[in-house]
Amino acid sequence: MNNIFSIGLVTVLILISTVSCKKNTDNKTAVYQVEPGLTLIGPRPPASVHEPANIPAMVLIEAGTKDTIYLTLNRIEGFEYAAGFRYKIKVQITHLKNPPADGYIFGYSLLELLSKEKIKK
């Protein structure tokens, strides 16, 4: 009886440790539409008196959703933004291991430029 209990306990412990292991959710790929114009955003908290009140940012809309994010210029590694164009891009989003306290918690890297369309004013 003691042997059956020990085998059962070991089995339960193995199952718990297997289920509780964190899945790798640190990386994600997404497709975004980058709008042709910039918008102005405020500095990320905690703001400093030395930071400008309005910072130009790209407007990105995730494909298939209405989820919008605002990223400052040069936040997407490998992506060169030019005003007047609408882009469709595929990016790698990485959860930063040690983000700055007052900075972004995600890193963005260009995987593929899917389209670049000149927008007439």
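Residues numbered from 1 in each chain as written. Predicted model: local features only at pLDDT ≥ 70, side-chain atom pairs only at ≥ 80, totals over all residues. Heavy atoms only, no water.

Caption draft 1: Molecular detail of the environment of Thr65. If you trace the backbone, Thr65 turns up in the loop between β3 (55–62) and β4 (68–72). Separated by 33 residues in the primary sequence, Thr65 and Tyr32 place their C-alpha atoms 9.7 Å from one another. Of note is the side chain of Thr65, whose polar atom sits 3.1 Å from the backbone nitrogen of Asp67. (Helix = DSSP H or I, 4+ residues; strand = E, 2+ residues; numbered from the N terminus. Polar contact = N/O pair within 3.5 Å; in protein donor to acceptor, adjacent residues only side chain to side chain.)

Caption draft 2: View of the pattern of salt bridges. Counted according to the given criterion, the structure contains two salt bridges. Arg86 is the salt-bridge partner of Glu35, the closest N and O atoms lying 3.3 Å from each other. Taken together, the residues span a long stretch of sequence, with Glu35 in the loop between β1 (27–34) and β2 (39–41) and Arg86 in strand β6 (residues 85–95) at a distance of 51 residues. Taking relative accessible area as the criterion, Glu35 reaches 18% and is therefore assigned buried. (Salt bridge = Lys/Arg side-chain N within 4 Å of Asp/Glu carboxyl O. Buried < 20%, exposed > 50% of the residue type's maximum accessible area, 1.4 Å probe, protein only.)

Caption draft 3: A look at the confidence of the model for the chain. Of the residues in the chain, 72% reach a pLDDT of 70 or more, and the chain-wide mean stands at 82. The least confident element of the chain, judged by mean pLDDT, is helix α1 (residues 2–20) at 54; the most confident is β6 at 97. Across residues 18–24 the pLDDT falls below 50, and counting only partners more than four positions away or on other chains, this stretch makes zero contacts in the model. (pLDDT = per-residue confidence, 0-100. Contact = heavy atoms within 4.5 Å.)

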